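For reference, the chains in residue letters:
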Amino acid sequence: MHMMVARPEQWVQPMAVAGANQYTFHLEATDGPGALIKDIRENGMKVSGAGSRGGPRGGSRVSGRFSPRQVGLAIKPGTSVEQLAPWANQIDMALVMTVEPGFGGQKFMEDMMPKVQWLRTQFPSLDIEVDGGVGPDTIHKCAEAGANMIVSGSAIMKSADPRSVINLLRNVCSEAAQKRCLDR
């Protein structure tokens, strides 16, 4: 679950009871990210983080990489990636928003790619997701920067051939990850 809510703490237990095995919250939406990460783990989920929007996030995640019980942490475009760093070793996934949270169909913000590159350099084994404006025209930039998880909504849903778009996104990410492994 990508929770774009003002107070993500209040939704951990209800989401766990409902069967969620992954919980991504926005760093900007809480004053206590460490306590929230601990609460998510204690409720049997993994942690991921992101910026605040107002409800659970839609879109299609194409990496297929979620294992049971993940925690994610997300940041909005205006948040420095260094603010996420203190929590990186406590989360399973970092989410870099590549649009301002709020609605689909926005233009991809390429200037977010240095954040992805920095995270990949500092935390090579961390899952790094990008969300916003990702599609066939932008996937190469995301994958080359180090993203290995992609959320794509409009590019897939508005395509005449969604399956081919999903396959392209998946293949580009996979090839970039293989190249990074060979470059080590």
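For every chain, the first residue of its written sequence is number 1, and the numbers climb from 1 along that sequence. For a predicted model such as this one, the threshold for reporting local features is a pLDDT of at least 70, and the threshold for listing and counting side-chain atom pairs is 80 or more; totals across whole chains, interfaces and linings nevertheless cover every residue. To obtain the side-chain values, all non-hydrogen atoms of the structure were included, while hydrogens and water were left out.

A. Region of interest: the overall build of the protein chain. Helix and strand definitions follow DSSP, with helices as H or I runs of at least four residues and strands as E runs of at least two, each counted in order from the N terminus. A tally of helices and strands in the protein chain yields 6 helices and 9 strands. Two residues qualify as a contact provided that any one of their heavy atoms is within 4.5 Å of a heavy atom in the partner residue. The contacts of the protein chain with a sequence gap of at least 6 include a subset with a gap of at least 24, amounting to 65%. As displayed, the protein chain has an accessible area near 8700 Å², and 50% of this comes from carbon and sulfur atoms. Method for areas: the Shrake-Rupley scheme with a 1.4 Å probe, in which residue coverage is limited to the protein chains shown.

B. Spatial organisation of the pairing of strand β6 (residues 70-75). A large share of β6 lies buried, amounting to 6 of its 6 residues. Think of it this way: DSSP has to see at least two bridges between two strands before they count as a pair. Strand direction decides the pairing type here: strand β2 (residues 22-26) and β6, joined by 5 bridges, are parallel. For T24, the partnering residue across the bridge sits in β6 and is G72. As paired elements, β6 and strand β7 (residues 93-97) share 4 bridges and run parallel to each other. When the bridges of β7 are listed, G72 appears paired with M93. Throughout this description, buried means an accessible area under 20% of the type-specific maximum (1.4 Å probe, protein chains only), exposed means over 50%, and partly exposed covers the range between.

C. Spotlight on the confidence of the model for the protein chain. Taken as a whole, the protein chain shows an average pLDDT of 88; of its residues, 87% reach a score of 70 or greater. By mean pLDDT, strand β4 (residues 55-56) is the weakest element of the protein chain at 35, and helix α3 (residues 113-122) is the strongest at 98. In this model residues 51-67 is a low-confidence stretch, pLDDT under 50, and it forms 62 contacts with partners more than four residues away in sequence or in other chains. Residue-level confidence of the predictor is what pLDDT reports, using numbers from 0 through 100.

D. Structural context of the packing of aromatic side chains. When the centres of two rings from Phe, Tyr and Trp lie within 6.5 Å, Trp using its six-membered ring, the rings pair. Their planes under 30 degrees apart give stacked, over 60 give edge-to-face, and anything left gives tilted. One pass over the structure, following the stated rule, counts 1 aromatic pair. Where W118 meets F123, the ring centres are 6.2 Å apart and the plane angle is 70 degrees; that geometry is what we call edge-to-face.

E. Quick peek at the side chain of R180. Along the chain, R180 falls in helix α6 (residues 162-183). Setting aside residues up to four positions removed in sequence, R180 forms contacts with R120, A143, G146, A147 and N148.

F. A look at the state of the cysteines. Pairs of cysteine sulfur atoms within 2.5 Å are identified as disulfides in what follows. Across all of its chains, the model carries 0 disulfides by this definition. Left unpaired, C142 is separated from the closest cysteine sulfur, that of C173, by 7.4 Å. Looking at C173, the relative accessible area reads 7%, which means it is buried.

G. Quick peek at the environment of G72. With respect to the secondary-structure elements, G72 resides in strand β6. A C-alpha to C-alpha distance of 7.5 Å links G72 and Q22, two positions 50 residues apart in sequence.

H. Region of interest: the environment of T30. Positionally, T30 belongs in the loop between β2 and α2 (33-42). As for T30 and E9, which are separated by 21 residues in sequence, their C-alpha atoms are 7.8 Å apart. If we ignore the near neighbours within four places in the chain, the residues touching T30 are P8, E9, F25 and L36. A polar contact is formed between the side chain of T30 and the backbone nitrogen of G32, at a distance of 3.1 Å. The definition of a polar contact used here is a pair of N or O atoms within 3.5 Å, where within protein one atom must be able to donate a hydrogen and the other to accept one, and adjacent residues in sequence count solely through side-chain atom pairs.

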